[in-house]
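Chain by chain, the residues:
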Protein chains: 2
Amino acid sequence: MSKPYVVGIDIGGTNTVFGIVDARGSVLASSSIKTRKHSNINDYIDELHTELTKLMETTDTVDKIHGIGIGAPNANFFTGMIEDGVNLPWPTPIPLAEMVSQKFGIPVAITNDANAAAIGEMTYGAARGLKDFIMITLGTGVGSGIVINGQLVYGHDGFAGELGHVIVKRSNGRLCGCGRTGCLETYCSATGVARTAREFLEIRTEPSLLRNIPVDEITSKDVYDAAMAGDQIAKEIFEYTGEILGEALADFTVFSAPEAFILFGGLAKSGDLLMKPLRNAMEKNMLSIWKNKVKVLPSELKEADAAVLGASALGWEAK
Amino acid sequence: MSKPYVVGIDIGGTNTVFGIVDARGSVLASSSIKTRKHSNINDYIDELHTELTKLMETTDTVDKIHGIGIGAPNANFFTGMIEDGVNLPWPTPIPLAEMVSQKFGIPVAITNDANAAAIGEMTYGAARGLKDFIMITLGTGVGSGIVINGQLVYGHDGFAGELGHVIVKRSNGRLCGCGRTGCLETYCSATGVARTAREFLEIRTEPSLLRNIPVDEITSKDVYDAAMAGDQIAKEIFEYTGEILGEALADFTVFSAPEAFILFGGLAKSGDLLMKPLRNAMEKNMLSIWKNKVKVLPSELKEADAAVLGASALGWEAK
């Protein structure tokens, strides 16, 4: 019996989004559940099964699913395990691929969310036709998916591509969720931008639209809105963020000489506010052989779609 | 007619070493010429041809050479060109693969010296059996050859793996030959160690064996000898060097999750003087999932052999 569909599941810290996808990358139907609703992983998988089965019935794809691909934090492609899921409510390690596969009776492959996004971008987005690129996801943290010669880099153990944890400040760096200090993601994630806002507002004395918001509630979106309204401090927060990210991208270039970086996530939609200081810092810090040669492109996929499509592409490889 | 031999040529800033190698990796014979003797590249290739032909005659391998592999600074595997040879006496770009191939009537493949060393190490040295490792060459500069899933990383343009030019000091970094400041190789190469010695001796007032040497003539070997003789400043120079390199290796790990780093070159033979501070700094800065998991191994090949063997291994791929 022919099985011309795949399922993509993106497990985020808040929502789990899933969809049924055909071989052309069209999402037939998608839905979501709350990741944190069940403290027991079995209950969570039960709900996922119930909801996904509904989607399959609606789309007449029951028994036509070739495989399920899952993108999840710290998910290991090689072992099928979530081995250290800092942002998830269940004890780790979790043999996720095996559990989901047994529940559905369908082969399952998993990888981390940034890798899934990279596969999605390569298959359907801004990285179509590129064999060497680096996907940078700017969300709650900073993730990355590295593609070299058309293949995702998993490394020796399946965990390669944690560029959000390159240390960009050796002294007095910000404390990171990983326990170390100075990681890229403490500066260039959405939460990093909010931290920068708090720091700038404390040090500086000028008026700012951001001072109308309780300091602990400021989000990167607030900073974006203020900057777009002409707020000077907000603009400087983006300059600071873009400069650190640009310096980092110049360093990443010497590793794998990518044709492009693809930026994904809310911050990647900040336009020139972020891209201008980013490009300036990147070119200023670029080794001469790569100066003005490496593209920085925003993702071309809708945020939810990229993750689901990327994960679903993995579904074709599941066995 | 069977052609069971390859030639490996390693073009260094000072010497050009070459050898004839069989399929088992035995060097039948090797020799060298001075790289800088001829300011005209054609004269250089003529001498190389004369000397290599002598070797072939001695070893009865004329007309039995399958291919020639060359390792040279900034040599591009894809184009066969030396595109920006800062350390070589000839104007660039040099279509080296084509020139040597025409002179000898034998297919030629080229890559940079660090990549050649990585191939040599993978084929005959400490990286045998490893599919994911990073070769770090500590010589006049710092070079690297990155192997992922058993394949050398060339990147989009053939120049990937310039880890010596990752910026490790964002402010007040040392001026690098590349024109930027703070590059890893300004600290962790043999010349970087000598620069550290000059800096330390200027700032510090304690006696040191190194003060017996004219400050501009101090080499990394002098620092090694002094440290082995118990000199405190010399030991601290190695601690400083090892710490910076260890921090850098921890950062490199997040990129490709290698099973091991292989250190190659004079400094790599410094034993615990370098390795102890290096390992301490590496583990201290390592993301927890890789703590105490990534090996740091010294090269198992003789310095000249590694380059010639690595280059020769490329010779099998030449066409």
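On a predicted model such as this, the values are computed, not experimentally measured, just so you know.

A. Looking closely at the overall build of chain A. Counting its secondary structure elements, chain A contains nine helices and ten strands. In summary, chain A has a C-alpha radius of gyration of 20 Å against a globular reference of 20 Å for 319 residues, a match within 12%. Residues counted as buried form 59% of the 319 residues belonging to chain A. Restricting the contact set of chain A to residue pairs at least 6 apart, pairs at least 24 apart contribute 62%. Carbon and sulfur atoms provide 49% of the accessible area of chain A, an area that totals close to 13,000 Å².

B. Structural context of unusual backbone geometry. Omega for the peptide link from T92(A) to P93(A) comes to 0 degrees, which places this bond in the cis form. Mapped onto the fold, P93(A) is located in the loop between β4 (65-71) and α2 (96-104). Its identity as a non-glycine residue notwithstanding, N172(B) has a phi of 55 degrees, on the positive side. With respect to the helices and strands, N172(B) occurs in the loop between β8 (151-152) and α4 (185-188).

C. Main features of the interface of chain B and chain A. Taken together, the 38 residues of chain B in the interface contact 38 residues of chain A. Three residues stand out in chain B for area buried against chain A, namely H156(B), R170(B) and F255(B), and they jointly supply 23% of the buried area on that side. At the junction of chain B with chain A, the criterion picks out four salt bridges. Where R170(A) meets D251(B), a salt bridge forms, and the shortest distance between an N and an O atom there is 3.1 Å.

D. Spotlight on the nonpolar core. Membership of the largest hydrophobic core comes to 104 residues, with the highest contact counts inside it found for I136(A), F252(A), I136(B) and F252(B). Sequence-distant contacts of F252(A), that is, excluding residues within four places in its chain, are made with I134(A), I136(A), L163(A), V166(A), L184(A), F261(A) and F255(B).

E. How the structure looks around the pairing of strand β9 (residues 260-264) of chain A. Residues and elements named next belong to chain A. Across the five residues that make up β9, a large majority, five, are buried. The two faces of β9 match: A260, I262 and F264 on one face and F261 and L263 on the other face are all buried. Where β9 and strand β10 (residues 295-298) come together, four bridges link them in parallel fashion. What sits directly across from F261, in β10, is V296. Since β9 and β10 lie parallel, the crossover through helix α8 (residues 272-284) that links them has a hand, and here it is right-handed.

F. Focus on the relation of the copies chain B and chain A. For the pair chain B and chain A, the relating rotation is 180 degrees, the translation along its axis is 0.0 Å, and the fit reaches an RMSD of 0.1 Å. On this basis, the relationship between the two copies can be described by a two-fold rotation axis. Taken as a fraction of all interface residues of chain B, those also at the interface in chain A reach 100%, which identifies the copy contact as same-surface.

G. Seen up close, the confidence of the model for chain A. Put simply, chain A has an average pLDDT of 94, and 99% of its residues get 70 or more. As scored by the predictor, the complex reaches a pTM of 0.91 and an ipTM of 0.90.

H. Representation of the packing of aromatic side chains. In total, this model carries 17 aromatic pairs over all chains according to the counting rule given. An angle of 15 degrees between the planes, with centres 3.7 Å apart, marks the rings of F255(A) and F255(B) as stacked. Taken as a pair, F255(A) in helix α7 (residues 232-256) and F255(B) in helix α7 (residues 232-256) lie in two separate chains rather than in one. One aromatic cluster is present, built from ring pairs that chain together F252(A), F255(A), F252(B) and F255(B). Above the plane of the ring of Y187(B) lies K169(B), whose end atom (NZ or CZ) is 5.9 Å from the centre.

I. A look at the side chain of N76(A). Residue and element names in this part refer to chain A. With respect to the helices and strands, the residue N76 is situated in the loop between β4 and α2. In this structure N76 comes out as buried when scored by relative accessible area, which is 1%. Within the structure, the side chain of N76 is placed 2.7 Å from the backbone nitrogen of F78, a separation counted as a polar contact. There is a polar contact of 3.5 Å between the side chain of N76 and the side chain of E83. Apart from the residues within four sequence positions on either side, N76 is in contact with M81, E83, I110, D157, G158 and F159.

J. Representation of the packing of α7(A) against α7(B) in the model. Interaxial distance between α7(A) and α7(B) falls to 11 Å at its minimum, and their mutual angle equals 70 degrees. On the basis of the axis angle, α7(A) is roughly perpendicular to α7(B). By crossing handedness, the relation of α7(A) to α7(B) is classed as right-handed. On α7(B), the residues that touch F252(A), F255(A) and S256(A) of α7(A) are F252(B), F255(B) and S256(B).

K. Here's a closer look at the pattern of salt bridges. By the definition in use, this model includes 24 salt bridges over all chains. Notably, a salt bridge pairs E236(A) with R204(A), separated by 2.7 Å at the nearest N-O pair. With E236(A) in helix α7 and R204(A) in the loop between α5 (190-203) and α6 (220-228), this pair connects stretches of sequence that are 32 residues apart. Here E247(A) ties to R170(B) by a salt bridge, and the two come within 3.5 Å at their closest N and O atoms. Taken together, the residues E247(A) in helix α7 and R170(B) in the loop between β8 and α4 connect one chain to another. Salt bridges linked by common partners bring R170(A), E247(B) and D251(B) together as one network.

L. The sheet that holds strand β7 (residues 142-148) of chain A, seen in detail. All names here are of chain A. On the basis of which strands lie adjacent, the open sheet formed by five strands has the order β8-β7-β6-β9-β10 and mixed pairing. Looking at which strands have only one partner, the edges of the open sheet turn out to be β8 (151-152) and β10. Of the strand pairs in this sheet, β7 and β8 are connected by two bridges, and their pairing is antiparallel. Within β8, the residue paired with V147 across the bridge is L152. Against the sheet, α8 makes contact with β6 (133-138), β9 and β10, and its axis sits at roughly 160 degrees relative to β10, the strand it touches most.

Parameters at a glance
- Residues numbered from 1 in each chain as written.
- Chains lettered and ligands numbered in written order.
- Predicted model: local features only at pLDDT ≥ 70, side-chain atom pairs only at ≥ 80, totals over all residues.
- Heavy atoms only, no water.
- Helix = DSSP H or I, 4+ residues; strand = E, 2+ residues; numbered from the N terminus.
- Rg over C-alpha atoms; globule rule 2.2 N^0.38 Å.
- Buried < 20%, exposed > 50% of the residue type's maximum accessible area, 1.4 Å probe, protein only.
- Contact = heavy atoms within 4.5 Å.
- Areas by Shrake-Rupley, 256 points an atom, 1.4 Å probe, with all protein chains shown as cover.
- Buried area = accessible area lost by both parts, 1.4 Å probe.
- Salt bridge = Lys/Arg side-chain N within 4 Å of Asp/Glu carboxyl O.
- Core = buried A, V, L, I, M, F, W, Y, C linked by side-chain atoms within 4.5 Å.
- Pairing = 2+ DSSP bridges.
- Right-handed = clockwise from strand over helix to strand, strands pointing away.
- Least-squares fit on C-alpha atoms with pLDDT ≥ 70 in both.
- pLDDT = per-residue confidence, 0-100.
- Phe/Tyr/Trp six-rings, centres within 6.5 Å; stacked < 30°, edge-to-face > 60°.
- Lys NZ or Arg CZ within 6 Å of the ring centre and 35° of its normal.
- Polar contact = N/O pair within 3.5 Å; in protein donor to acceptor, adjacent residues only side chain to side chain.
- Axes fitted to C-alpha atoms, helices over the stretch in contact; angles between N-to-C directions.
- Parallel < 35°, antiparallel > 145°, perpendicular 65-115°, else oblique.
- Left-handed = near helix turned anticlockwise from the far one by under 90°.

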